[in-house]
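In case you want the letters, here they are:
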Amino acid sequence: MRDKYCGKVCTDDIGRTLTLSGWIFRRRDHGGLIFVDLRDVTGIFQVVFSPDISPEAHEKAGELKQEYVIQVTGKVQKRPVGTENAGIPTGDFEMYATSFEILNTCKALPFQLDEEDVSESLRLRYRYLDMRRPLVQKVFLERSKAYKVIRDYLASCGFYEFETPFLTKSTPEGARDFIVPSRLNTGSFYALPQSPQLFKQILMIGGFDRYFQIVRCFRDEDLRADRQPEFTQVDIEMSFVDVDDVIGLCEGLVAAMYEVLRGEPLQIPIKRMAYSEAMERFGSDKPDLRFELPMVEITDIFQETDFGVFKKTIGENGAIKSIVLKGKTLSRKDLDTAVEITKEMGAGGLIWIRKEKDGLQSPIVKYLKDNEKTAMIERLDLSDGDVVFIMSDTRNKVNDIMGRFRLYLGEKFELIAKDQFRFLWIVDFPLFEYSDEDKRFVARHHPFTSPQGSIKDFTGDYESFKAKAYDLVLNGVEIGGGSIRNYRMDDQFEMFKLLNIKEDDAIEKFGFLLEALEMGAPPHGGLAFGFDRILMMLLGLESIRDVIPFPKTQKGTCLLSGAPSKIPQKQLNELRIRVTGEQQ
Ligand code: ASP
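Rules of the game
- Residues numbered from 1 in each chain as written.
- Predicted model: local features only at pLDDT ≥ 70, side-chain atom pairs only at ≥ 80, totals over all residues.
- Heavy atoms only, no water.
- Near = heavy atom within 4 Å.
- Polar contact = N/O pair within 3.5 Å; in protein donor to acceptor, adjacent residues only side chain to side chain.
- Areas by Shrake-Rupley, 256 points an atom, 1.4 Å probe, with all protein chains shown as cover.
- Helix = DSSP H or I, 4+ residues; strand = E, 2+ residues; numbered from the N terminus.
- Expected span 1.5 Å × (residues − 1).
- Bend = angle between axes of the 7 residues up to and from the residue.
- Buried < 20%, exposed > 50% of the residue type's maximum accessible area, 1.4 Å probe, protein only.
- Contact = heavy atoms within 4.5 Å.
- Core = buried A, V, L, I, M, F, W, Y, C linked by side-chain atoms within 4.5 Å.
- Pairing = 2+ DSSP bridges.
- Axes fitted to C-alpha atoms, helices over the stretch in contact; angles between N-to-C directions.
- Patch = residues over 30% accessible without salt bridge, like charges linked within 9 Å, V, L, I, M, F, W, Y side chains within 5 Å.
- Salt bridge = Lys/Arg side-chain N within 4 Å of Asp/Glu carboxyl O.
- Parallel < 35°, antiparallel > 145°, perpendicular 65-115°, else oblique.
- Nonpolar A, V, L, I, M, F, W, Y, C, P; charged D, E, K, R; others polar.
- Phe/Tyr/Trp six-rings, centres within 6.5 Å; stacked < 30°, edge-to-face > 60°.
- Lys, Arg positive; Asp, Glu negative; His and termini not counted.
- Charge placed at Lys NZ, Arg CZ, Asp CG, Glu CD.

Student: When you look at the site of the ligand in this model, what are you seeing that I'm missing?
Tutor: Near the ligand, the surroundings consist of 14 residues, among which Gln 197, Lys 200, His 445, His 446 and Arg 485 are the closest. In this structure, Arg 219 approaches the ligand through a side-chain N or O atom, which is 3.2 Å from an oxygen atom. His 446 is positioned with one of its side-chain polar atoms (N or O) 3.0 Å from an oxygen atom of the ligand. Expressed as a share of its isolated accessible area of 270 Å², the protein-covered part of the ligand is 91%. Looking at the shell around the ligand, the elements with two or more residues in it are α5 (197-205), β21 (477-484) and β22 (524-530).

Student: Explain helix α13 (residues 503-517) here, please?
Tutor: Owing to its 3.6 residues per turn, the α-helix brings residues three or four apart onto one side. A rise of 1.5 Å per residue sets the reference length of α13, with its 15 residues, at 21 Å; its end C-alpha atoms lie only 15 Å apart and thus fall more than 12% short of the reference. The largest bend along α13 reaches roughly 95° and is located at Phe 510. Residues Ala 506, Phe 510, Gly 511, Leu 513, Leu 514, Ala 516 and Leu 517 constitute the buried set of α13. As for α13, its buried residues are in contact with α5 and α12 (489-498).

Student: I'm lost on the side chain of Arg 132 in this one. Help?
Tutor: Relative to the assigned elements, Arg 132 resides in the loop between α3 (127-130) and α4 (134-156). Only 2.8 Å separates the side chain of Arg 132 from the side chain of Glu 67, close enough to count as a polar contact. When sequence neighbours within four positions are dropped, the list of residues in contact with Arg 132 reads Trp 23, Arg 39, Glu 67 and Leu 113.

Student: How do you make sense of helix α14 (residues 531-538) when you look at a structure like this?
Tutor: Along α14, 7 of the 8 residues are buried, which leaves the element largely enclosed by surrounding structure. Remark: Gly 540 follows α14 within two positions and exhibits a positive phi of approximately 70°.

Student: How do you make sense of the nonpolar core when you look at a structure like this?
Tutor: Proteins that are soluble and globular tend to have nonpolar side chains buried together. Counting 47 residues, the largest nonpolar core has Ile 150, Leu 154, Ile 236, Phe 423, Trp 425, Tyr 470 and Phe 529 as its most contacted members. Element by element, the count of residues in this core is highest for helix α6 (residues 243-262), at 12 residues. Beyond its immediate sequence surroundings of up to four residues, Phe 423 is in contact with Val 254, Tyr 258, Leu 266, Ile 270, Leu 472, Val 473, Leu 474, Ile 479 and Leu 538. Grouped together as the second largest cluster of nonpolar side chains are 25 residues, Ile 323, Leu 325, Val 339 and Val 398 included.

Student: For this particular structure, what's the right way to read the sheet that holds strand β5 (residues 93-104)?
Tutor: In a beta sheet, neighbouring strands are held together by backbone hydrogen bonds and run either parallel or antiparallel to one another. Judged by pairing direction, the barrel is mixed, and its 5 strands sit side by side in the order β1-β2-β3-β5-β4 before closing back on the first. Direction aside, neighbouring strands of the sheet carry axes that sit 55° apart on average.

Student: What am I meant to see in a nonpolar patch on the surface here?
Tutor: Residues Tyr 5, Val 41 and Leu 141 make up a contiguous nonpolar surface patch of about 240 Å² in total accessible area. Within the fold, Tyr 5 resides in the segment before β1 (17-30).

Student: Would you take a moment to explain the packing of helix α7 (residues 275-282) against helix α11 (residues 395-412) for this structure?
Tutor: The packing of two helices is summarised by the inter-axis angle and the distance between the axes. Contact pair α7 / α11: the axes reach a minimum separation of 7 Å and the direction vectors enclose 70°. By the angle class used here, α7 and α11 are roughly perpendicular. In this structure, α7 contributes Met 279, Glu 280 and Phe 282 to the contact, and α11 contributes Arg 395, Asn 399, Gly 403 and Arg 406. Its residues assigned to classes, the contact of α7 with α11 comprises 2 nonpolar, 2 polar and 3 charged.

Student: Sorry, what's going on with the pattern of salt bridges here?
Tutor: What the rule picks out here adds up to 50 salt bridges. The partner of Arg 26 in a salt bridge is Asp 114, with the nearest N and O atoms 3.5 Å apart. Of the two residues, Arg 26 sits in strand β1 while Asp 114 sits in the loop between β5 and α2 (120-125), which places them 88 residues apart along the sequence. Assessed through its relative accessible area of 33%, Arg 26 is described here as partly exposed. Residue classification places Asp 114 among the partly exposed residues on the basis of a relative accessible area of 46%. The salt bridge involving Lys 570 is made with Glu 574; its shortest N-O contact spans 3.8 Å. With Lys 570 and Glu 574 both in helix α15 (residues 569-575) and 4 residues apart, the pair spans about one turn of that helix. With a relative accessible area of 62%, Lys 570 lands in the exposed category. Of the residues examined, Glu 574 reaches a relative accessible area of 42% and is grouped as partly exposed.

Student: How do you make sense of the pairing of β5 when you look at a structure like this?
Tutor: Every regular strand shows the same layout, with side chains that alternate between the two sheet faces. Here strand β3 (residues 43-49) pairs with β5 via 2 bridges, running parallel. Considered in β5, the bridge of Val 47 is made with Met 95. Sheet analysis places strand β4 (residues 69-78) next to β5, joined by 10 bridges and oriented antiparallel. Across the sheet, the residue bridging to Lys 75 is Tyr 96, located in β5.

Student: Sorry if this is basic, but what is going on with the packing of aromatic side chains here?
Tutor: To describe a pair of aromatic rings, one takes the distance between the centres and the angle between the planes. In the structure shown here, the tally under the stated rule is 26 aromatic pairs. With centroids separated by 6.0 Å and ring planes inclined at 75°, the aromatic side chains of Tyr 258 and Phe 423 adopt a geometry described as edge-to-face. Taken together, the residues span a long stretch of sequence, with Tyr 258 in helix α6 and Phe 423 in strand β17 (residues 423-427) at a distance of 165 residues. Tyr 258 gets classed as buried once you look at its relative accessible area, which sits at 5%. Classification of Phe 423 as buried rests on a relative accessible area of 8%.

Student: Even after reading the chapter, I still don't get a negative patch on the surface, so can you show me in this structure?
Tutor: Taken together, the side chains of Glu 503, Asp 504, Asp 505 and Glu 508 present a region of like negative charge at the surface. Relative to the assigned elements, Glu 508 resides in helix α13.

Shown next as structure tokens:
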């Protein structure tokens, strides 16, 4: 239905008669001539309807409205000097239509495609119109490029692409499962996969050596913080590898994606940081390294303190930590706000001290001894005007709140280099973490993760036992994570034992994996990237919904299709399901 795409018309076409098809993006009437910007997925091309060239075409062009779909034929020519449009690649050319056909009409639009402040709900309700907007369209073309670069890169590294079941058994990744009732097995349910974790391990045991999948995962979480109930992972598993092998491979992949999406090379290897350092210096396992502002511990300086707050902390084996803000002028109001902010974050208090020409200034300075002041000035390398914020409490609380306060300071005082992309591996995670909800230690990554060294060396100290686990962080956001797995049945069982998972439970839930581990499972490990999130960040977008063609709202609804929806009673009967309580 066309000789060329609109955006591809070029110098070679001058003098040629071409047929193009597309949408009417804009239409302008100019004293007898009608100008139309014809748009398709590749771009825009200007078509002119003139009574001198074709009176019929010109007359019929009067009917054309925005977003009508047409097929038009005419001769391509150079635009007259002075009328070129440098803003589009085809801006030097135009076509005078000799004939055209309206292939479809378009009703009045709910919003103009070139309007900027259209509400997100309206955009999602009419996503197909939203997608015709060149900037939105570009995002999905980039997404398509990203799939290709991932496939090409991984294929070149010897990976095989697989699909794993969507109708499956619940696997433990920590979130709630979406479940699907089985009609043929009354009373039984499938779970949609939170990740293909067990299947990818089984594929290693099946001997495929290197697996990947660009796969949808489902987690029935509350949709706070820009999450989606279904999202895409780039899921990877490799055999006969250790941590460095997986990290090395993934760095190559991230660099390939970065290059395609950002148009410049990424410096690898990517910096690594131990979990403990990240927590102690930045109070987070995903520190944003686009700015410094680390926490500095000063507990030791106050061992002999007379200041009650510090004394209490020292007595309780807590931590006193500081953050120094250099080169900024802070008003009294700024300081009071800082105290308020940390209180809202749950802090008992925040102390500030300003370095002045003649010493330290602060409401608490009278409680400090001279040697403490001197030690602080030295340790924190204080210059006149610097402000020190100090928090004193249990170590975990100080790390957590100071970590968040650091981010607040970064934003408030514009310390974050927003144009930078700071990748960081966090390694040496603890194998376990305490779950307040379950009142027991759970696996920090997942229960198939191998410890560093042998699990048989576990001494009972849950907090310091480390895992062969790693996360990739970009600008303070976790974009991927994985681990080396337990590949021997006895080790895996030991892990379950330490997690207090009963043998029967383990067999009921993952018996198929356990059985396979006893049949010659190779050492293996892998990782999964959050594909949507990486795209969002590399494309400089605000929300994960911007990179998903048909995203859900915060309430988990699809505004386009109206899902989720009620189903007829007959269907419920077939499934032997009765809905109790109110259906919304
Ligand atoms: N399945 C894990 C996840 O979804 C990733 C991995 O361990 O490979 O986070």
